[in-house]
Structures are given as C-alpha cells and as structure tokens.
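# Structural features, examined
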Amino acid sequence: MNPDSQKAFEAWMDDHLEPAASEFGRYWYPLTVPTFGRDEIAAAMDCLVNYRTSMGALTREFETQFARYIGCHDAVMVNSGSSADLLLAYNLVNPLNPRLEAGDEVLVPAVTWPTQIWSPLMAGLKVTLVDVDPETLNVDFDDMRRRLTPKTKCVFAVHLMGNPIDMKLMKQFCEEHGLLLIEDCCESLGSKYDGNHVGNFGLGGSFSFFFSHHMTTMEGGMVTCHNEDDADALRVLRAHGWSRGLQTPTTGSQSGSANPSVVDDRYRFVNWGFNLRPTELQAAFGLEQLKKLDGMNDRRRELAARFESYAESQSWFGSFETPVAGEASPFALPLLLKGDAVGSRTELLAHLEEAGVETRPVVTGNFARQPAASLLGPVDPTDYPGAEWVHEQGFYLGLSPMMDDLKIERLIRTLDEAYAAVVRPTQVRKVA
Ligand SMILES: Cc1ncc(COP(=O)(O)O)c(C=O)c1O
C-alpha cells in the first residue's frame, strides 16, 4: 500500500474499529464477534488500491494453501458455502461426466442448513431426509438404512456444529450399498476423523467462510476435491462454463468436443456453468485468517472444554458426543435440554435473551417442519423423532475465540440463574 493510503487507512481504523465492535453491544454474550482486524482489512484495502478485485492470483494462492491445510488434492473457492454445496451437487450431474441421473435419490440429514438440501434438489436429484441422532446431532445410521431404496445413489453428509460423523461407519455404509459420498463441512473446518480433516472422505467437501464460522472471508466458501479432473470441472462450473484457468484448457477432460480451432481460446465455453466466483478481497481476507485458524480453533476448544466440564455436572442439559476416532472443532455451544428442563426451551431462551445472551435454534431444527419442506414432496415431521427432539429441546450459543475466560464463567452463572428462575418455580408449582 502506498504511504498516503496507509495513513488514510490507519486514521480510518482509529475512528472505526472501536465503534464497530460496540455494535454487538446489545448482547454481552453475542453469537459471534468479528475475528478479523487490521491484517484482513489492510489486505483487502491493498486489493482495492491496486485495482485487484476480480478473482485472480490471491484466490489461487488461498485455494492452494487451503488444500494444503485440509490435506486434499485441490480446492476451489466460491462466493459462499451455499455455492460450494451447489457446485458439489451439480458436479454429480455434470453433463461432461455424469455420476448421477435426474431422479436419483440423495440422503440428506433432516437437521442442517437449507442450501445443503436445495443444492441436490435444484440439480434434479430427489432428496430423502434422514433422521439425526440427538446425541451427536449427526445422521442416524439405522434410519439411513431404513430410507434406502433401489434409487438411492448418494449420501450428502453434514458434520453439524463442528462434530465429525463416525466416518468409519459412513464409509462402510456407502461401500456396502454402492453409494457416492459428498460432505458438507460448512460447520466443521478443523474437525478430523482418524487424524484426517473432514472434507477428505468422499468425492468432495464444502466449507463456509461466513462471518460467524471458524474463519471468515466476509462471505465465501470452498470446495475440496481429490483429483485434477474434478478440480477442472468445478472451476468450469464455478465460472460460466468457461475454460479459463484450467490446468489443461484445450486437451483435458473439460475441453469439450467441438473443433478447438473454431473458437477463440480466450472465450472458450466447454460446459454449462454459474458465476459463483469470489473476489480477490475475500481471498486476501482468507489468507490472513488461515494464518490464525489453528490458534482460533484451539482457543475455541479450550473454552468449549471449560463449558463441557460445567455441562457434565448438570442434570438439565447435555451437549453432543464425539465419535471415538473424531476430533471436534466447535464454533458454537449446542445444548440439548433434559431432565426437568424438557419442555421449557421457549421460556429459557426468552430468559437468556433478556439477560444479554444471544441464542439460536439448532440451524433448521427438524427441516420437515419448515414451510419450504413441501418442495420435497410429502414429508411427515413426526417421522423424524431425533430431529423433532433437537427441534424442541435444542438451541445453541456463541463460542467466540476472542472471548476471555471471565465471559464463560459469567455465562455459566447466567445459565444457572436461568434454570433456577424458569425450571425450578415451574416444578414447585407442578408438585403443589
Ligand atoms: C451446514 C451448512 N451448510 C451450508 C451452509 C451455507 O454456507 P453460507 O452461509 O456460507 O452460504 C451453512 C451456513 O451456515 C451451514 O451451516
């Protein structure tokens, strides 16, 4: 950055950083706190002042570093986690290499983010919701078996709230039934199973860099993949069906069949495609955030462990179980009411909100209960008892790595107070 813009930028930061942070002041325990600061803003400003805004070298560099971090062949950056889901799904029905046909069935958990469900549906596949296990928040393998039909061809798994699925069971299940596997890792950057990062177990994985997730690029996402053909195919789908930026634009698997000489290679379109490209500003953010990711995740784990030791001593709520070979990467604190607190969720959440603690349901809750679930055809919400339980008894709180230990202690006191105020009086009344 030139010295003048550097000076202007420093002045802007002095004026804006504190007020920006205090905008989150309605809650002393908010869902999320910005994890970016001067480094990310300076990197983005550098793109602006140098007129490097459209996807380019920084995006490629961020993709390379991200792939190295995850331990996969390559990674393709997009403008959101939802776009990453869309690319994963459309790559299954890619006209140049179709792995699935229209109407083939994909199993998707009933508690997730909706774009994981819409992506395969929009790609012409049939989505079958599968129940979840409230103990893990992840897919219930017995229910998955029950939902199989001869048309079932794929599992679109999600590692919810940073908790990895038991991937040994998942791989066995997919192999036994001849199913493809793709992973939604949008809530689980840094989670591992058997020492491997999630996003490495199937054909590819999606990641989100939305503001509140493990790291942020403002908006943004990434798709991981495991060979050059998929990397090229995803890049073509990401940007207009264009061959630009491919490893082998005119001879590779994505080169298309038309006579190469009749079109100008600069505008060579080889497939259908979207425009899901990120900007260089997002990639610049990502490169800075990636340097801090392990530190932020370790701090989240530390805070979560303190909270967990409190949770274990409580009879009125629990959190999730992680598989033996799994390593969670929490980005929030999910709670599931139990014992005498069952049925008091609405009142407890109102109490916590009033006390300055921001709360949310566990993403969609039972998706079969959402108005848009009718787009999937007839679905009966009561057919998903695990998701129902999460819907009715579950909620989550924030877990910011920027938080000091005192905040967790205050949160614990506030939860104790909420329980005493909401659940105990009810109980006394019931007994009387
Ligand atoms: C499981 C899951 N999948 C997909 C997404 C979509 O990511 P984005 O918000 O970046 O579009 C989210 C977002 O929260 C998510 O939680």
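Residues numbered from 1 in each chain as written. Predicted model: local features only at pLDDT ≥ 70, side-chain atom pairs only at ≥ 80, totals over all residues. Heavy atoms only, no water.

Looking up the chain in an unreviewed UniProt entry gives the name DegT/DnrJ/EryC1/StrS aminotransferase, with the organism given as Rhodopirellula europaea SH398. Reading the Sequence similarities (unreviewed entry) entry of the UniProt record for the chain gives the comment "Belongs to the DegT/DnrJ/EryC1 family." (UniProt positions renumbered as here; feature names shortened; annotations may be inferred.)

Before going further, it helps to spend a moment on the overall build of the chain. Check the secondary structure of the chain and you find twelve helices and 13 strands. A burial count over the chain gives 53% of its 432 residues as buried. The contacts of the chain with a sequence gap of at least 6 include a subset with a gap of at least 24, amounting to 73%. (Helix = DSSP H or I, 4+ residues; strand = E, 2+ residues; numbered from the N terminus. Buried < 20%, exposed > 50% of the residue type's maximum accessible area, 1.4 Å probe, protein only. Contact = heavy atoms within 4.5 Å.)

Attention now goes to the nonpolar core. Counting residues in each nonpolar core, the largest one holds 49 residues, and the members touching the most others are V111, I117, L129 and L160. Examining the composition of this core, we find that seven residues originate from one element, helix α4 (residues 81-92), more than from any other. In this structure, this core is formed jointly by two domains, domain 1 (45-282) and domain 2 (294-431), each of which donates at least three residues. With sequence-adjacent residues up to four places away left out, L160 is seen in contact with V111, T112, L137, N138, E187, V362 and V363. In terms of nonpolar packing, the next biggest core, distinct from the first, is built from 29 residues, A304, L352, I412 and L415 among them. (Core = buried A, V, L, I, M, F, W, Y, C linked by side-chain atoms within 4.5 Å. Domains from an automatic or database assignment.)

For the rest of this paragraph, the subject is helix α7 (residues 167-177). Where α7 is concerned, the buried positions are M167, M170, F173 and C174. For α7, the angular spread of buried residues about the axis comes to 120°, placing them on one side. Those residues of α7 that are exposed and aimed more than 90 degrees away from the buried face are K168, E175 and E176. One side-chain oxygen of the residue at the start of α7 lies 3.2 Å from the amide nitrogen of K168, identifying that residue as D166. Looking one or two residues past α7, G178 carries a phi angle of roughly 60°, positive in sign. (Arc of directions from axis to C-beta. Polar contact = N/O pair within 3.5 Å; in protein donor to acceptor, adjacent residues only side chain to side chain.)

As enumerated under the stated definition, the model contains 25 salt bridges in all. Between K292 and E40 there is a salt bridge; the shortest N-O distance is 2.8 Å. Note that K292 is positioned in helix α9 (residues 280-312) and E40 in helix α2 (residues 38-49), a separation of 252 residues in sequence. Under the relative-accessibility criterion, K292 is labelled partly exposed at 27%. Each of the salt bridges in this network shares a partner with another, and the network as a whole consists of R60, E63, D74, R235 and R238. (Salt bridge = Lys/Arg side-chain N within 4 Å of Asp/Glu carboxyl O.)

Here we take up the packing of α4 against helix α8 (residues 228-238). Contact geometry of α4 with α8 gives a least axis separation of 10 Å together with a crossing angle of 115°. Compared by their axis directions, α4 and α8 come out roughly perpendicular. Handedness of the α4/α8 crossing: right-handed. Contact residues: α4 offers L87, Y90 and N91, while α8 offers D230, A233, L234, L237 and R238. (Axes fitted to C-alpha atoms, helices over the stretch in contact; angles between N-to-C directions. Parallel < 35°, antiparallel > 145°, perpendicular 65-115°, else oblique. Left-handed = near helix turned anticlockwise from the far one by under 90°.)

Bringing the sheet that holds strand β2 (residues 105-109) into the picture now. Pairing is mixed in the open sheet, where seven strands are placed in the order β1-β9-β8-β5-β4-β2-β3. Each edge of the open sheet carries a strand with a single partner, namely β1 (74-78) and β3 (126-130). Averaged over all adjacent pairs, the angle separating strand axes in this sheet is 20°, with direction ignored. By the bridge criterion, three bridges tie β2 to strand β4 (residues 152-158) in an arrangement that is parallel. What sits directly across from V106, in β4, is C154. Helix-sheet contacts for α4 involve β1, β4, β5 (180-184), β8 (204-208) and β9 (221-225), and the interaxial angle to β8 is about 165°. Running at roughly 145° to β5, α7 makes contact with β2, β4 and β5 of the sheet. (Pairing = 2+ DSSP bridges.)

Within the structure, the ligand sits among 15 residues, and G81, S82, D184, E187 and S208 are positioned closest to it. A distance of 2.7 Å is found between a nitrogen atom of the ligand and a side-chain nitrogen or oxygen belonging to D184. In this structure, E187 approaches the ligand through a side-chain N or O atom, which is 2.6 Å from an oxygen atom. The protein chains hide 92% of the 380 Å² of surface that the ligand would expose on its own. Element by element, the count of residues in the shell around the ligand is highest for α4, at three residues. Of the residues belonging to the shell around the ligand, the class tally is four nonpolar, eight polar and three charged. (Near = heavy atom within 4 Å. Areas by Shrake-Rupley, 256 points an atom, 1.4 Å probe, with all protein chains shown as cover. Nonpolar A, V, L, I, M, F, W, Y, C, P; charged D, E, K, R; others polar.)

Tallied over the full model, the rule gives 18 aromatic pairs. Counting every residue linked through ring pairs, the aromatic cluster contains F307, Y310, W316, F317 and Y419. Taking the ring centre of W28 as reference, the NZ or CZ of R410 above it sits at 3.9 Å. (Phe/Tyr/Trp six-rings, centres within 6.5 Å; stacked < 30°, edge-to-face > 60°. Lys NZ or Arg CZ within 6 Å of the ring centre and 35° of its normal.)

The next subject is the pairing of β5. Across the five residues of β5, four count as buried, placing the element largely inside the fold. The pairing of β4 with β5 spans five bridges and is parallel. Bridge pairing in β5 links C154 to L180. Handedness of the crossover joining β4 and β5 through α7: right-handed. Relative to β8, β5 runs parallel, the two sharing two bridges. Each bridged residue has a counterpart across the sheet, and for E183 the counterpart in β8 is G205. (Right-handed = clockwise from strand over helix to strand, strands pointing away.)

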